[in-house]
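# Descriptive analysis of the structure
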Amino acid sequence: MKTITHDLFMRRALELARFGWGETHPNPLVGALIVENGEIVAEGHHVKAGEVHAEIAALRALGRKPKPGATLYVTLEPCCTHGRTPPCTEAIVSAGITCVVVGATDPNPAHAGHGFEWLRASGVEVITGVLAGECADLNLIFNHWMTTGRPLFAAKSGVTLDGKVATRTGDSKWITGEKARANGHVWRRYFPAIAVGAGTLRADNPRLTARVEGKEWCPWRFVFDGQLRSVLDKSMPGLYTDEFRDRTIVVTTPHGGLGYVRKLNSLGVKTWVMEAQTPKVDFADFRRRCVLEGITGVFFEGGAQLLSELLQARELDYLFTYQAPVLLADDRGKSIFRGLRTETLDGAIRLEQVRHEVHGDDMLMRGFLKYPEKMFVDEATINLKK
């Protein structure tokens, strides 16, 4: 079958995979379809962890034995080991599928390629690497979790052409347009958790829910507040009192005071008290706690102080930057990142596996951060506040 036809069917499999957007953690997004005589006869996707994999869903949707010569298209290498569900490779062979076309290879080093070997040893033709980049990009969080054993820490920013997030007076609504902000909600829906700092919570009182296509969904909502300043406010932030408050976790230190911790807990808000010599939460400790709790990804939305501290600690893995066609040209305009002393381009942080998207008049650039071998923190600016 021609490559262009493989691409066409794999793009449909990608569409199917996205039906599980934000629902499958810690499992990957996967789409599958069965083709007979050049026509799609069955489709399936992985709905959520614990339920059948996409390949099995497609076979069940077919409701009969595939015809001779049927081809299965799937966005991710079929599993060949027992987990919550039996191996998909066995089901594929038992169904009589003679050709499997795959997008991305299993990122788990212990499994990568073994599914292909198992199928080929059973007499199945296996074609790999069809739209591999797109299929891998579908599972940023899962891939990072599988290859590093760590949650993916990503940050989002909306900036002007000269990299500013607010004017000198703090005016920032809105730098980016509606389409870019709507796409931000799509990524909120993707991540199992969102995080902000106490300054952003007190200044903006955000709801931190994903609102997509008229529906609202609430991930875990982290507030970084080492001194519990947000609890001192006369009017409690909405995150502590709304209908999703049991999905809110305040990350703090013993410097915040156990009385305020008890107050939050009495409201139904969870707290993670992290040991620290200063009121600043150690991001490495926070990441380890996320591993223990099974939280595979966190979407940091600011403010500038929180994101800068995350960057300085080299704990930021991925960056989403929405750039608007707006120019401030003001030295006192506010930047999202600061606190580093970068004297040469060799010492700059760069993005890898970069992707560009256009949303209305705005451009999204996103990718993994590659830190220089040596990175110097500017002690004169690290304590600047938002």
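This section reports on the structure supplied with the text. (Residues numbered from 1 in each chain as written. Predicted model: local features only at pLDDT ≥ 70, side-chain atom pairs only at ≥ 80, totals over all residues. Heavy atoms only, no water.)

Right, let's talk about the packing of helix 3 (residues 88-95) against helix 4 (residues 114-121) for a bit. One can describe the packing of helix 3 onto helix 4 by two numbers: an axis separation of 10 Å at closest approach and a directional angle of 25°. By the angle between their axes, helix 3 is roughly parallel relative to helix 4. Both helix 3 and helix 4 take part in a crossing whose hand is right-handed. Counting all contacts with helix 3, which are made through Thr89, Glu90, Ile92 and Val93, the residues of helix 4 involved are Gly115, Trp118 and Leu119. (Axes fitted to C-alpha atoms, helices over the stretch in contact; angles between N-to-C directions. Helix = DSSP H or I, 4+ residues; strand = E, 2+ residues; numbered from the N terminus. Parallel < 35°, antiparallel > 145°, perpendicular 65-115°, else oblique. Left-handed = near helix turned anticlockwise from the far one by under 90°. Contact = heavy atoms within 4.5 Å.)

Residue Pro26 is bonded to the preceding His25 through a cis peptide linkage, with omega at 5°. Along the chain, the position of Pro26 falls in the loop between helix 1 (3-17) and strand 1 (31-36). Phi at Leu131 is positive, roughly 50°, even though this residue is not glycine. At Leu228, a residue that is not glycine, the phi angle is positive and equals roughly 55°. On the secondary structure map, Leu228 appears in the loop between strand 11 (220-224) and strand 12 (248-252). The class for Leu228 is buried, based on a relative accessible area of 0%. (Buried < 20%, exposed > 50% of the residue type's maximum accessible area, 1.4 Å probe, protein only.)

A separate point is the pairing of strand 1. Counting buried residues along strand 1, six of its six residues qualify, which places the element largely inside the surrounding structure. On strand 1, burial covers both faces: Gly31, Leu33 and Val35 on one face and Ala32, Ile34 and Glu36 on the other are all buried. Bridging between strand 1 and strand 2 (residues 39-45) involves six bridges; their strand directions are antiparallel. Bridged to Ile34 within strand 2 is Ala42. From the end of strand 1 to the start of strand 2, which pair antiparallel, there are two residues, and Asn37 there has a positive phi angle of about 55°. (Pairing = 2+ DSSP bridges.)

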